[in-house]
Amino acid sequence: MRPTSSSAEQALQILAARLRHLRQAADLSGRDLARLAGWQASKVSRIEHARRRPAAADIRAWCRHCGAPEQAEELVVSLEAIEGMFVEWRHMERTGLRKAQEAVIPRWERTRHFRIYSSKLIPGPLQIGPYIAAVLTALMLRRGLPNDVEEAVQVRLDKQRVIHEGDHRFAVVLEESVLRAPIGGTEVMAAQLGHLLTVSALPSVSLGIIPLDANRSSVWPTEAFFMFDDAEVTVELISGHLTITQPYEIGMYADVFTKLAGLAVYGKAARSIITSAVAALDE
């Protein structure tokens, strides 16, 4: 699978450069290495120019024939990190939704400053059980997954303890349109909006709502994303889960989050928008 973010592409280029350096240090041509490994000559060139991602077995053979077998496992670990940057849902969720929910618990526990932007859904930390169930049931049906929704809902609810524990801080920015999409039906959405009013008063939560009539000249709605301190950004795509770790890319998301947060309203003004969304459900 070709890398799907500049983070993955850059990491693959770095790995390719390290492999090329090993070959050159061994005084082997690309054809020499291909002959020793039993490959087509073009394979070496494609790997060294980051046009083909090597397999772990390729890296081990490369290091062995270049006289550097002791470097193989470190490079394999680098390869695994690249592969982890983009994970297809079908691989992440092949045994169901519960394990996918559990997989992120260590990240949640070690993060102190969460920055969350959502243009489609109320994000996980602020969801109630029935809303979570509606979201995960839709995913389960769409992706043809085993039905472990009930267990997955409980895992997500359990993760929410970080809102109330320790020094975790949540800065959340939502598009107003998120409040107008009745996920799970009118009753579930009314309860969810009521919960949103409650959690917005917590000292650990800063909730901003971008009004529908906000001037979007400087920054427009984008894909939803989670920022975990300044260490990592995750983005949920249609096909999979993207993890971004390159500092300059994280900086781009931080800059966009700042701009989006600047469009949002807070406190009484935000609560007024939520209350209006509740009233619209009755209509």
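Refer to the structure above for everything that follows.
Residues numbered from 1 in each chain as written. Predicted model: local features only at pLDDT ≥ 70, side-chain atom pairs only at ≥ 80, totals over all residues. Heavy atoms only, no water.

## Concerning the pairing of strand β3 (residues 169-175)
So, step 1. Taken across its seven residues, β3 has six buried, putting it largely inside the fold.
So, step 2. Relative to β3, strand β2 (residues 113-118) runs parallel, the two being bridged by six bridges. Bridge assignment links H113 to a residue of β3, and that residue is R169.
So, step 3. Note: β3 against strand β4 (residues 205-210), six bridges, orientation parallel. If you follow A171 over to β4, its bridge partner there is S206. (Buried < 20%, exposed > 50% of the residue type's maximum accessible area, 1.4 Å probe, protein only. Helix = DSSP H or I, 4+ residues; strand = E, 2+ residues; numbered from the N terminus. Pairing = 2+ DSSP bridges.)

## Observations concerning the packing of aromatic side chains
So, step 1. By the definition in use, this model includes eight aromatic pairs.
So, step 2. On the numbers, 5.7 Å between centres and 70° between planes, the contact of F114 with F228 is edge-to-face. Of this pair, F114 sits in strand β2 while F228 sits in strand β5 (residues 225-228), placing them 114 residues apart in sequence. Each of the two residues, F114 as well as F228, counts as buried.
So, step 3. An angle of 40° between the planes, with centres 5.7 Å apart, marks the rings of Y117 and F225 as tilted. Taken together, the positions of Y117 in strand β2 and F225 in strand β5 put the pair 108 residues apart, joining distant regions of the chain.
So, step 4. Looking at F225, the relative accessible area reads 1%, which means it is buried. (Phe/Tyr/Trp six-rings, centres within 6.5 Å; stacked < 30°, edge-to-face > 60°.)

## Quick word on unusual backbone geometry
So, step 1. In this structure, D27 takes a positive phi of about 60° despite not being glycine.
So, step 2. Structurally, the position occupied by D27 is in the loop between α1 (6-25) and α2 (30-37).
So, step 3. Residue D27 is classed as exposed on the basis of its relative accessible area, which comes to 69%.

Bear in mind that shape data such as this cannot, by itself, settle questions of function.
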